[in-house]
Amino acid sequence: MTEKPPIKYLSPQDWELLIEDFQYDIVRREKWTSHYSPLSILDLALSSILRKDFPLKISLISFLEEFADSLFRDFEVQPALDRLIDAVRSMVQAPHDAVSFSSALKERMVVAVTSIFICIGNEIELCRGQLESLVELLLTIVNRPSHGADRQMRAVACECLRELERAFPCLLAEIAGHIWVLCQSERTHASQSYILLFTLVIHNIVTRKVNVSILNTSVPLVPFNVPQFLVGGSIREVSGLNFKELRRVMAFLLEWPHILTPSAMMEFMSLIMPVAVVLELQASMLKVQFSGLLYSYDPMLCHVVLMIYSRFVDAFDGQEASIARRLVLISREAQLPLVFRMLALHWLLGFIGLVPDSGGRKKHSIIEIGLGFFYPSVFDPIALKSLKLDLLAFCAIYLNTLSTDNVGGGSSELAGPRVSEVKLFDDGLVSVSAFKWLPPWSTETAVAFRTFHKFLIGARSHSDTDSSTNRTLMESTIFHTLERLLVKMTLEFQGLVSVIVAFVDRLLLCQKHRWLGERLLQTFDRHLLPKATTEYRLASYFPIFDRIAANDTIPPRGLLELLTKFIVSVVEKHGPDTGLKSWSLGSKVLGICRTLMIHHHGSRLFVGLSRLLAFTCLYFPDLEVRDNARIYLRMLICIPGKKLRHLLNLGAQLPGIAPSPHTSSFFNVQSPRPSHDPKKSRNISSYIHLERVVPLLVKQSWSLSLPTLGIGGDEPGYIGGTIMDSEPPLDMENDVVDDSSSDIQQQIVSETEQIDYPQEPLRVMDSKISEILGILRRHFSCIPDFRHMPGLKIRISCSLRFKSEPFNRVWGPATDLDDCVDALPAIYATVLSFSSSAPYGTIPPFHIPFLLGEPPTNGYSLGQKGSLDIVPVENGSEEEESFRATVTIELEPREPMPGLVDVSIETNTENGQIISGQLQSITVGIEDMFLKAIIPSDIAEDEVPGYYSEVFHALWEACCTSSNTGRETFPLKGGKGMTAINGTRSVKLLEVPAMPLIRAIERQLAPFVVSVIGEPLVNIVKDGGVIRDIIWKDGSSDSALDVTTSGNDYDDDKEPLQLKYTEEEEEEDDREESSVNISSNRNMGCFLVLIFLPPRFHLLFEMEVSLFLS
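Residues numbered from 1 in each chain as written. Predicted model: local features only at pLDDT ≥ 70, side-chain atom pairs only at ≥ 80, totals over all residues. Heavy atoms only, no water.

### Regarding the overall build of the chain
Across its full length, the chain carries 40 helices and 18 strands. Looking at the chain as a whole, 47% of its 1110 residues are labelled buried. Looking at the chain alone, contacts between residues at least 24 apart form 73% of all its contacts between residues at least 6 apart. Carbon and sulfur atoms form 53% of the exposed surface of the chain, whose accessible area is close to 55,200 Å². (Helix = DSSP H or I, 4+ residues; strand = E, 2+ residues; numbered from the N terminus. Buried < 20%, exposed > 50% of the residue type's maximum accessible area, 1.4 Å probe, protein only. Contact = heavy atoms within 4.5 Å. Areas by Shrake-Rupley, 256 points an atom, 1.4 Å probe, with all protein chains shown as cover.)

### With respect to the sheet that holds strand β18 (residues 1097-1106)
Ordered in space as β15-β14-β17-β18, the four strands form an open sheet in which the pairing is mixed. Every other strand in the sheet has two partners, leaving β15 (1031-1033) and β18 as the edge strands with one partner each. Averaged over all pairs of adjacent strands, the angle between their axes in this sheet comes to 15 degrees, without regard to strand direction. Bridging between strand β17 (residues 1083-1093) and β18 involves ten bridges; their strand directions are antiparallel. Across the sheet, the residue bridging to F1092 is H1098, located in β18. Most of the contacts of helix α38 (residues 994-1004) go to β18, to which it runs at about 155 degrees, and overall it touches β14 (1009-1013), β17 and β18. (Pairing = 2+ DSSP bridges. Axes fitted to C-alpha atoms, helices over the stretch in contact; angles between N-to-C directions.)

### Observations concerning the pairing of strand β8 (residues 885-891)
The alternating pattern of β8 places A885, V887, I889 and L891 on a buried face and T886, T888 and E890 on a face that is not buried. Inspection of the sheet shows strand β5 (residues 794-802) paired to β8 by seven bridges, in the antiparallel sense. The residue of β8 that forms the bridge with S797 is T888.

### Some remarks on a nonpolar patch on the surface
On the surface, F606, V607 and I637 cluster together into a nonpolar patch covering about 280 Å² of accessible area. Among the secondary structure elements, V607 is positioned in helix α29 (residues 602-619). (Patch = residues over 30% accessible without salt bridge, like charges linked within 9 Å, V, L, I, M, F, W, Y side chains within 5 Å. Salt bridge = Lys/Arg side-chain N within 4 Å of Asp/Glu carboxyl O.)

### Focus on the packing of aromatic side chains
Under the criterion given, the structure shown has 28 aromatic pairs. Considering the side-chain rings of F452 and F503, the 6.5 Å spacing of their centres and the 85 degrees angle between planes classify their relative orientation as edge-to-face. Linking F452 in helix α21 (residues 443-457) with F503 in helix α24 (residues 497-509), this pair joins segments that are 51 residues apart in sequence. Following the ring pairs from residue to residue traces out a cluster consisting of F425, F449, F452, F455 and F503. (Phe/Tyr/Trp six-rings, centres within 6.5 Å; stacked < 30°, edge-to-face > 60°.)

### A look at the sheet that holds β8
Ordered in space as β3-β5-β8, the three strands form an open sheet in which the pairing is antiparallel. Two strands bound the open sheet, and with one partner strand each, they are β3 (688-692) and β8. With direction set aside, neighbouring strand axes in the sheet form an average angle of 30 degrees.

### A closer look at unusual backbone geometry
V222 connects to P223 through a cis peptide bond whose omega is -5 degrees. Tracing the backbone through its elements, the reader meets P223 in the loop between α10 (191-208) and α11 (228-231). In this structure, the amide linkage connecting P1094 to the following residue, P1095, adopts the cis form with an omega of 10 degrees. Unlike most non-glycine residues, A829 shows phi in positive territory, near 50 degrees. Counting through the fold element by element, A829 comes out in strand β6 (residues 826-835).

### Topic: the confidence of the model for the chain
Model confidence for the chain is summarised by a mean pLDDT of 78, while 78% of its residues fall at 70 or above. Averaged over each element, pLDDT in the chain is lowest for strand β16 (residues 1059-1060) (40) and highest for helix α8 (residues 151-167) (94). Low pLDDT, under 50, characterises residues 651-674; the stretch is placed with 18 contacts to residues that sit more than four places away or in other chains. A low-confidence stretch, residues 704-722 stays under pLDDT 50, and its non-local contacts, those more than four residues away or across chains, total 58 contacts. (pLDDT = per-residue confidence, 0-100.)

### Structural notes on the side chain of K385
With respect to the helices, strands and loops of the structure, K385 is situated in helix α19 (residues 382-407). For the buried residue K385, which engages in no salt bridge, the nearest side chain bearing the opposite charge is E444, 4.6 Å off. (Lys, Arg positive; Asp, Glu negative; His and termini not counted.)

### Quick look at helix α16 (residues 320-332)
Spanning 13 residues, α16 covers 19 Å between terminal C-alpha atoms, matching the ideal 18 Å at 1.5 Å per step. Among all positions of α16, only E320, I323, A324, R326, L327, V328, I330 and S331 are buried. (Expected span 1.5 Å × (residues − 1).)

### A look at the packing of α24 against helix α25 (residues 514-528)
Two elements in contact, α24 and α25, have axes separated by 6 Å at closest approach and are oriented at 140 degrees. Here α25 runs oblique to α24, going by the angle between their axes. Taken together, the residues of α25 that come into contact with α24 (itself represented by I500, F503, V504, L507 and L508) are R514, L516, G517, E518, L520, L521 and F524. Here the residues of the contact of α24 with α25 sort into nine nonpolar, one polar and two charged. (Parallel < 35°, antiparallel > 145°, perpendicular 65-115°, else oblique. Nonpolar A, V, L, I, M, F, W, Y, C, P; charged D, E, K, R; others polar.)

### A look at the nonpolar core
Within soluble globular proteins, side chains that are nonpolar tend to cluster in buried spots. Formed by 235 residues in total, the largest nonpolar core has its most connected members in F452 and F545. Top contributing element to this core by residue count: α19, with ten residues. The residues touching F545, leaving out its near neighbours within four places in the chain, are L529, L538, L559, L562, L563 and I592. In terms of nonpolar packing, the next biggest core, distinct from the first, is built from 58 residues, I827, A838, L919 and F1087 among them. (Core = buried A, V, L, I, M, F, W, Y, C linked by side-chain atoms within 4.5 Å.)

### Structural notes on the environment of A396
As for its placement among the helices and strands, A396 is situated in helix α19. Between the alpha carbons of A396 and L371 there is a distance of 9.8 Å; along the sequence they are 25 residues apart. If we skip the residues at most four places from it in the chain, A396 touches E421, L424 and F455.

### Here we look at the pattern of salt bridges
Summed over all chains, the structure comprises 34 salt bridges. Here D627 ties to R630 by a salt bridge, and the two come within 2.9 Å at their closest N and O atoms. One end of the pair is D627 and the other is R630, both in helix α30 (residues 623-638) and three residues apart, which spans about a single turn. A relative accessible area of 31% means that D627 is categorised as partly exposed. Taking the relative accessible area as the measure of exposure, R630 reaches 37% and is therefore partly exposed. With a shortest N-O distance of 2.8 Å, R801 and E691 are connected by a salt bridge. Here E691 lies in strand β3 and R801 lies in strand β5, a separation of 110 residues in the sequence. Within this structure, E159, R162, E163, R166 and E267 form a network of salt bridges that share partners.

### A few points about a negative patch on the surface
Taken together, the side chains of E941, D942, E943 and D1029 present a region of like negative charge at the surface. Note that E943 resides in the loop between β10 (914-924) and α36 (944-960). Classification of E943 by relative accessible area gives partly exposed; the value is 43%. (Charge placed at Lys NZ, Arg CZ, Asp CG, Glu CD.)

### Quick look at the packing of helix α26 (residues 542-550) against helix α27 (residues 557-573)
Two elements in contact, α26 and α27, have axes separated by 11 Å at closest approach and are oriented at 145 degrees. The element α26 and its partner α27 pack so that their crossing is left-handed. For the pair formed by α26 and α27, the contact residues are F542, F545, I548 and A549 on the first element and L559, L562, L563 and F566 on the second. (Left-handed = near helix turned anticlockwise from the far one by under 90°.)

### Section: helix α7 (residues 128-142)
Taking 1.5 Å of rise per residue, 15 residues should cover 21 Å, and α7 covers 21 Å from first to last C-alpha, within 8% of that figure. Among all positions in α7, only Q130, L131, E132, L134, V135, L137, L138, L139, I141 and V142 are buried. Elements that come into contact with the buried residues of α7 comprise α5 (77-93), α6 (103-120), α8, α9 (176-185) and α10.

### Re the pairing of β3
The element β3 is extensively covered by neighbouring structure, given that four of its five residues are classed as buried. Of the pairings in the sheet, the one linking β3 to β5 comprises five bridges and is antiparallel in character. Opposite I688, over in β5, you have F802 as the bridge partner.

### Some points on the environment of P381
Relative to the assigned elements, P381 resides in the loop between α18 (361-371) and α19. Excluding residues within four positions of it along the chain, P381 makes contact with L338 and R341.

### Concerning the environment of S835
Note on placement: S835 falls in strand β6. Since its relative accessible area comes to 39%, S835 is described here as partly exposed. When the C-alpha positions of S835 and D902 are compared, they lie 5.2 Å apart, and in sequence the two are 67 residues distant. Once you skip the residues sitting within four places of it in the chain, S835 turns out to touch I843, L900, V901 and D902.

As structure tokens, this is what we get:
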């Protein structure tokens, strides 16, 4: 493939754009590599660098050095290195020009080419010629010792050669003698670079055991050739080295440390010490020559002495105390840099560990030297205080361990008066005592608690596997001291609670020291809770309470009692200005309750927690807190333990919920994925059932006919009614009561009647009618007008259940758990929605938090599996109730008519699947509409029976005398709506014995009976004890009602009275008359029944009971 010819030289602006694109990303880099090959870019860059008038030479050199490793492919390495070496040779040999080719530019070019070669030319066999050319060029520069004009250039060349020697060990081994000569000849400051280069060459010769002659070398300096043993891939090794020459070289090198800078001295000693070990030189010689550096004020030189000590410990025997004393004094020198003082303490801590001490005398003497100086002073920087406190903790732990060993039978030579661990702890905290009133985020507070941690766990490191140290630490005085201190600080300084919680959390998160955190929480439970007051500031302890609640080793009784007292206090102190505070405190208390439910068994906390939640539900001023407490209480009562903890555990990831890829808390929001499968939800009504608790009494179908009535109509219907506004309305609503569903003798009265406008201006009525109208107005004023305000509601009780076996087949089995109850499937967050075509208004949905599936019928017993024990019969109902949820359907009827309520369900399974579909409809019957008449607020409880009796008689009279009251209107509650009375009556004769009829009334109509008339009937009903608080009338003469009322009482326009006989219609009238006479001759009494049908209708029953006919 032919290389694309270069287009032209790039301008400085083009080079700036190219460098920017290369530094940005690979996509923008390809814009250039698609037009220029890497070698073309290299040629353009080198030609631009060698141009005198090019301004971006340093930038291009840095660009080549940065991208050489990724720019050139393997087959392009050798051509690229050839061009680079030619370019650097041309630049070095060019005449010195302060503008075009300055010394700094030449030095930068030499360093860059050396760096590129080390990066991409790491295989000597492939790049041997290029390596020889580069080394030869550098040796040419170096081979001009003591030449002042280019001394900096020669120092840079020595550094480049040193890096090449480091990358390719023993590269310069054969010319080591020439380098020694150059070192002896150099007299400028570049001699340091010569010495370090020669030291590295000798170090590689000794460590690699290369047998070369340093004094008698026959290899010329230039031209340079790579040693043959390097080209072969392995360094030749011999059994011995030329120790005589090497010792002579070592003597020469040890004469030159005085010309080295501190950094060069550290590198020099790191190379010399391995050589001294191999050559078996006396370590005392190094100690004598370099130990004085410890008393300098340069941290590098002090570090050199410590390096020598760490390598030759035996040579410094007996001088450990002087070294430790010097390090302590350095840390106390206030004029020294802070970094140097902190380094001295770090060195001292490491130095103590290096001291070889079998009996403990040396370390003990060093600690006694430091104890007088380790206490932080008031004006020490906080970082230095932290290090000194660490040293105090180390000393305290060491002294405590030493004392324990002596008590256990160890050496008694060190026994004697010794500073106690607690005294070191207390005296050390004096320097940071301000943390108690400083903010929790202050550095001094962090240092204090770091010291607590050091003193506490120092004797129980992570590498310690001896369990006996746990008991020893629990019984130690420092642990008890720290316990008391933390409890005291928690009570006195509420601002430190967050720091104390973080301290406990640090212990709890460590597997090795978790038991320490649990012990501290137990201490808080024993000593903090009894002393805490139930004021608002108790909220500052909630983080500690949450940790106590999360620990299952602590009984929750004390915490629950304190939280209950606190909630009572919040309720008592609630006022107009504490709304938000009450909400916040209540929410936090519920959070602690949730933690208790997650980590404790229900049997341990049921009594206390249920009392707390129940009180919160009833009396807490905030609605949201009450609702949440009610939810928690229902979950605590209804959901078994393991399922409850699984449901409350927010850390569990459900299928279909993917965590956000962002790690920050702002983006850490779960994003739901659709998990609803419509195919699975098709036949859910076959195993999920919503059923009425009380079946309907009336089974047959029935309906109402509602004729349309208008104002001023010429032919009104015989059954109808109106409700109107006080202003002349445009439309009229018609409500009808149908009586076809009654199975007993009944008289059904509908009070609504059509009103013709305009009304007559003059009315004449007697006192009886006036009294009736007053009772009716009072009664209708209590009935709400649903058009202007919430109407009356009826409630239908149902139960929801589902079968486990078909549910598991469709939605998968429940989570595998040991407990039999926990193995049953469950549904969560169930929402039942209702709708109906009947006029029932808006039906609110119903929510069920949790429901267990019904167990299989093959011998299942709650809490047991395969048990053959005899279970009492009454337990069966309780067991069945635990698998049913009570559902209440609230309807607001606009008309008293039956209908169907359609039910849809939406719920969730345990594995996150969504169940959604239709259930079987619920039938609404006429008996669901039966309500007791509304009682005015000013009626006393003992006057209620009399009021019901008055309303019954007033309505009966109004229907019987409609010619006098039919034009009257009665305002409804709300002040806008008005209604009128229109009644209809029918009679039915039943061949039913008296006692079954009486028992049926007691079962079905007892709440609606307002009066019983007749001594025989009164005696029977009173003995039954079911019907109470009504009007009892022993004499039949008191009845103001007559079932044989003439048909003249009704208008001719009304529907004629129809008698429905039990006999065949073909029977003669004399048979009918005899039946009536027989029943009337054996009359026992009469029931008066008043039933209210929302929104404003009434059913009036007069039931004359005989022995055989009614």
